[in-house]
Amino acid sequence: MSTRERILVAAAAIIGEDGVAARLSVRAVAARAEVSTGSLRHHFPTQQVLRDEVMRRVYDWMLPDSSIDDTSVPARDRLVHCLRQVLNVSGTGAEARHSMVLLMETFVTVEQTESIRETYLAIQRDGQRRMESWLEEIAKEDDALPVADIPRRARYVGTVLNGLALERALPAADSLAQAETDALYAAADLALAPLWMPDAGGVSGSATE
């Protein structure tokens, strides 16, 4: 096993023992991996870089391979399938409620330490990166999808997924499954539309700016 992989395994083990928001101190991870702190810094210059890579590996394990490049299936269907895979990580019913409670306890109701912030941002960046990669793959076959606008569209789709995950954890009507499918297709249609909805006031750019 390479030094880089040993460091990642050590960091993942600490997270497995202490929780997703565990503090990945340079000394603790280096000692666990049995490498020098200098070697760790060589491969991962900052703790945020290390945490980003660990979280990416975790989600690669949790999510099966994407079929986004299967051009025999319509693009919107492929995108919805990928989005549903992400949504299914939270589960349904009691499992969805447990996931939401864990999310709140990990990132909302606790003291907002730097470690908490780093962990949340790592998860957020990984989700954004995945959705951007799916849209970029579709853009290769659809010249009408503006590549420059992909980050904003991916952020919108991620917001829809967050809302649907919360809805799964709340008391819902029996028709939730169909309503969820309708919402996913509506989000996919907007994300793949040649023209994006204008910003408030007619100003272009990211909704977060």
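Being a predicted model, the structure only gives us computed values, none of them experimental. (Residues numbered from 1 in each chain as written. Predicted model: local features only at pLDDT ≥ 70, side-chain atom pairs only at ≥ 80, totals over all residues. Heavy atoms only, no water.)

Engineer: Just give me the short version of helix H1 (residues 3-18), but keep the residues and values in it.
Structural biologist: The end-to-end C-alpha distance of H1, which contains 16 residues, comes to 23 Å, matching closely the 22 Å that a straight helix rising 1.5 Å per residue would cover. For H1, the set of buried residues is Ile7, Leu8, Ala10, Ala11, Ile14 and Ile15. Here the buried residues of H1 occupy an arc of 160° about the axis, which is enough to place them on one side. With respect to the buried face of H1, the exposed residues turned more than 90 degrees away are Gly16 and Glu17. Downstream of H1 by a residue or two, Gly19 has a phi angle that is positive, lying close to 105°. (Helix = DSSP H or I, 4+ residues; strand = E, 2+ residues; numbered from the N terminus. Expected span 1.5 Å × (residues − 1). Buried < 20%, exposed > 50% of the residue type's maximum accessible area, 1.4 Å probe, protein only. Arc of directions from axis to C-beta.)

Engineer: Describe in detail the packing of aromatic side chains, supporting the description with residues and values.
Structural biologist: Here the structure, examined in full by the defined rule, presents one aromatic pair. Ring centres of Phe107 and Tyr120 lie 5.6 Å apart, and the angle between their planes is 65°; on these two criteria the pair is classed as edge-to-face. Pair noted here: Phe107 is in helix H6 (residues 93-107) and Tyr120 is in helix H7 (residues 114-139), with a separation of 13 residues, a long-range link. When its relative accessible area of 12% is taken as the criterion, Phe107 is described as buried. (Phe/Tyr/Trp six-rings, centres within 6.5 Å; stacked < 30°, edge-to-face > 60°.)

Engineer: Talk me through the environment of Val20; I want residue IDs and the actual numbers.
Structural biologist: Assignment of secondary structure puts Val20 in the loop between H1 and helix H2 (26-33). When the C-alpha positions of Val20 and Ile123 are compared, they lie 9.9 Å apart, and in sequence the two are 103 residues distant. Apart from residues lying up to four places away in sequence, Val20 is in contact with Ile15, Arg51, Met55, Thr106, Phe107, Thr119 and Ile123. (Contact = heavy atoms within 4.5 Å.)

Function-wise, these values are silent; they only describe arrangement.
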